[in-house]
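Secondary and tertiary structure notes
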Amino acid sequence: MPGLGERVSKTVASAGGSVLAQVVAALSSLLLQLIAARELGSAGFAAFTLLIATLTVITTLHTAWVGDSLTVLDRFDPRVRAALAASSVVTLALGAVVGTVLAIVLDAASGLGVLLFGVLVVLWLLEDTGRRILAARLEFGRLAANAVVDFVVVFSVLGAFWLSGALRLETVLAAMCAGSLAGVVLAVVSLPHEELAWPGLRRATLREADLRGIVSFATWRTAQAGLRPLTLMLTRVAIVAMVSSVALATVEGARLLLAPALTLINGVGAFLLPRMVRLRQSGTPLRLGLALTASLALTALTAVGGVVVVALAKPLEPFITGGNFPIEPIAVAGWAAYSVSIAATLPVSMLATAYRHSRLVFVVRLIESVVGVTLLLLLLALRPDLVNLAPFCIGIGGVVTSVILVVRLRALRHEEPTLPGERMSHVAQADH
């Protein structure tokens, strides 16, 4: 049996791989948004922001339904696997259709841009599925390598477009398509045959698939996971509709300064869920106190980072926007507060998800989102000049959400619902 030092080293290495993958993905997103802010102007940046918001919502729903089910349920059970395959086909098709329609409705793209965005949605979801399988296998080194390859391809293609003088919204989308395609190919090459084996069209039907096992877990998880990205998308659409695209560019420019903090938070979350699931499956009790300690530590780190970023907001403004629009420190402070609210909730919500209390997380986050969006709409209707306070509105309930989750999890700590199709023998075979 490995010693304590060896176990700690392996855990740190796994967490490091997860965080590195998030860092690379977030750096890619940040650089793309910086390029859009500097090269496409305020209107182009606002359009790109709406497309990214749409892509984020679609990806989050797909990941929560398919990706988290791959992680938490027994993906090697034939009936569960058939249900996952059928679900993947549906989410890919719906994602492409919904993404294309929203790009048109939001007037964020037209012509070739709409077509490229539809293709990007499909490739992005396929790449995300491959990455979730790597995470479920705790292969965070390969996960990081996948993100690096995507990054290199995106900016190589984008650099070629830039040298040819053809840097437009369409070329940015084309570069993102190329990066996602490279990520998909690498995932296919990296994963063993048993992870990629298709259950067959006959099995992947409503009769043969264990859809009930998927639905009982994934419905609440999908609803819960989609709340925050949907709230962000509604926020952006409301700002454009009730104020202006320039106002959205200003608020989003401030958000870019908090990208490192949000990257850290997402990296921790990407590591915690599969790790907690693995511990639960092995019979190791997950202590609420440890999740709460992680929440406090992550919150404190995020708060300190937020203070530093607010102080540097004005000196960094020319670098972020290229002089196309201003960045207000109060908006930066709002996004810092929003980041703190996510950090306060994340470890505890991951613990609840690992124990399949997704409905609980959904309910408290729904209350948080409804309150935040309501405050935002009131603010924009009564004082549109205070649009830079928008991040405060949508982040105001995060800490309260964390407290409610802790109280409820204490009451539910002896309950662990079981779902059809989870067998540890299959999980163990997958690891070896």
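Use the structure listed above.
In this report, the structure presented in the accompanying data block is examined. (Residues numbered from 1 in each chain as written. Predicted model: local features only at pLDDT ≥ 70, side-chain atom pairs only at ≥ 80, totals over all residues. Heavy atoms only, no water.)

**With respect to the overall build of the protein**
Looking only at helices and strands, the protein features 16 helices and 0 strands. Counting across all 432 residues of the protein, residues that qualify as buried make up 55%. Within the protein, counting contacts between residues at least 6 apart in sequence, those at least 24 apart form 85% of the total. Of the accessible surface of the protein, which amounts to about 18500 Å², a share of 70% is contributed by carbon and sulfur atoms. (Helix = DSSP H or I, 4+ residues; strand = E, 2+ residues; numbered from the N terminus. Buried < 20%, exposed > 50% of the residue type's maximum accessible area, 1.4 Å probe, protein only. Contact = heavy atoms within 4.5 Å. Areas by Shrake-Rupley, 256 points an atom, 1.4 Å probe, with all protein chains shown as cover.)

**A closer look at a nonpolar patch on the surface**
A cluster of nonpolar side chains, contributed by Val363, Ile367, Val371, Leu375, Leu378, Leu382 and Ile396, occupies part of the molecular surface with about 630 Å² of accessible area. Among the structural elements, Ile367 can be located in helix H13 (residues 358-382). (Patch = residues over 30% accessible without salt bridge, like charges linked within 9 Å, V, L, I, M, F, W, Y side chains within 5 Å. Salt bridge = Lys/Arg side-chain N within 4 Å of Asp/Glu carboxyl O.)

**A short note on unusual backbone geometry**
A positive phi angle, close to 55 degrees, is found at Asp107, a residue other than glycine. For Asp107, the location among the structural elements is in the loop between helix H3 (78-105) and helix H4 (112-136). The class of Asp107 is exposed, set by a relative accessible area of 64%.

**Description of the pattern of salt bridges**
Overall, the coordinates contain 11 salt bridges when judged by the stated rule. Its salt-bridge partner being Glu195, residue Arg137 comes within 2.9 Å of it at the nearest N-O pair. In this pair, Arg137 is assigned in the loop between H4 and helix H5 (140-163) and Glu195 in helix H7 (residues 193-196), connecting sequence segments 58 residues apart. Owing to a relative accessible area of 5%, Glu195 belongs among the buried residues under this scheme. Of the charged contacts in the structure, one is a salt bridge between Glu252 and Arg236, with a shortest N-O distance of 2.9 Å. Here Glu252 is found in helix H9 (residues 245-256), whereas its partner Arg236 is found in helix H8 (residues 211-242), with 16 residues between them in sequence. You can call Glu252 buried: its relative accessible area is 2%. Through salt bridges with shared partners, one network takes in Arg137, Glu139, Arg142 and Glu195.

**A closer look at the environment of Phe271**
Looking at where Phe271 falls in the secondary structure, it is placed in helix H10 (residues 259-281). Exposure remark for Phe271: the relative accessible area of 10% places this residue in the buried category. For Phe271 and Leu138, which are 133 residues apart along the polypeptide, the C-alpha to C-alpha distance reads 8.5 Å.

**Some details on the packing of aromatic side chains**
Aromatic ring pairs are reported here in terms of the distance separating the ring centres and the angle at which the planes meet. Throughout the structure, instances matching the rule amount to 3 aromatic pairs. Centroid distance Phe45 to Phe325: 5.6 Å. Interplanar angle 5 degrees. Geometry classified as stacked. Here the residue Phe45 occupies a position in helix H2 (residues 41-72), and Phe325 occupies one in the loop between helix H11 (288-321) and helix H12 (329-354), the gap between them amounting to 280 residues. Phe45 sits in the buried class, given a relative accessible area of 0%. Classification of Phe325 as buried rests on a relative accessible area of 4%. For the pair Trp335 and Tyr338, a centre-to-centre distance of 5.5 Å together with 90 degrees between the ring planes defines the contact as edge-to-face. With Trp335 and Tyr338 both in helix H12 and 3 residues apart, this pair spans about one turn of that helix. Pair check on accessibility: Trp335 and Tyr338 agree, each one buried. (Phe/Tyr/Trp six-rings, centres within 6.5 Å; stacked < 30°, edge-to-face > 60°.)

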